[in-house]
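# Examining the three-dimensional arrangement
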Amino acid sequence: MGGGITRLKEHLAGILGNVGYCIKARSDVQWQMKELLADLRKEQARRKKLRDEIGNPYGDYLLSDQEDEEHNITSPTSVGSKKAKEKVDANESN
């Protein structure tokens, strides 16, 4: 499920939407929760911007297996697997 801590912060901050307003929260607690939520949103926006700027760092290497074969792309994992298989085959023939 997730989001429980965020909902608690919204409840204590008095932010309506996902939860009800806490009538017992002191003003300093409300202010602190609002600051924490604002910082969270800023961090999420920063991460999203970074992901958008970077894009896919793996390029075409995350294509499906069928697309890999069509583009003759060999993933690092399959290269390692081929070498391991060749080594096993070589040892068996000795």
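What counts, and at which threshold
- Residues numbered from 1 in each chain as written.
- Predicted model: local features only at pLDDT ≥ 70, side-chain atom pairs only at ≥ 80, totals over all residues.
- Heavy atoms only, no water.
- Helix = DSSP H or I, 4+ residues; strand = E, 2+ residues; numbered from the N terminus.
- Contact = heavy atoms within 4.5 Å.
- Areas by Shrake-Rupley, 256 points an atom, 1.4 Å probe, with all protein chains shown as cover.
- Salt bridge = Lys/Arg side-chain N within 4 Å of Asp/Glu carboxyl O.
- Buried < 20%, exposed > 50% of the residue type's maximum accessible area, 1.4 Å probe, protein only.
- Expected span 1.5 Å × (residues − 1).
- pLDDT = per-residue confidence, 0-100.

With that settled, consider the overall build of the chain. Counting secondary structure elements, the chain contains four helices and zero strands. Of the regular secondary structure in the chain, the N- to C-terminal order runs α-α-α-α. Within the chain, residue pairs in contact and separated by at least 24 positions form 21% of the contacts whose partners lie at least 6 positions apart. Surface exposure of the chain reaches about 8,000 Å², of which carbon and sulfur atoms provide 53%.

With that out of the way, let us pick up the environment of asparagine 18. Along the chain, the position of asparagine 18 falls in the loop between α1 (4-13) and α2 (27-54). When the C-alpha positions of asparagine 18 and threonine 6 are compared, they lie 9.4 Å apart, and in sequence the two are 12 residues distant.

As a further point, take the pattern of salt bridges. Tallied over the full model, the rule gives five salt bridges. The closest approach of N and O atoms between arginine 41 and glutamate 10, which form a salt bridge, is 3.6 Å. Placement of the pair is arginine 41 in helix α2 and glutamate 10 in helix α1, with a sequence separation of 31 residues. Residue class for glutamate 10 comes out buried when judged on its relative accessible area of 6%. Beyond isolated ion pairs, a larger network of salt bridges with shared partners links Glu43, Arg46 and Arg47.

So, about α2. Between its first and last C-alpha atoms α2 spans 41 Å; for 28 residues at 1.5 Å apiece the expected length is 40 Å, and the two agree. Where the residues of α2 are buried, they touch α1. Remark: glycine 55 follows α2 within two positions and exhibits a positive phi of approximately 75°.

Looking now at the confidence of the model for the chain. Per-residue confidence for the chain gives a mean pLDDT of 75, with 56% of residues at or over 70. Mean pLDDT across the elements of the chain ranges from a minimum in helix α3 (residues 65-71), with 48, to a maximum in α2, with 93. Across residues 67-79, confidence stays below pLDDT 50; counting only partners more than four residues off in sequence or on other chains, it has 10 contacts.

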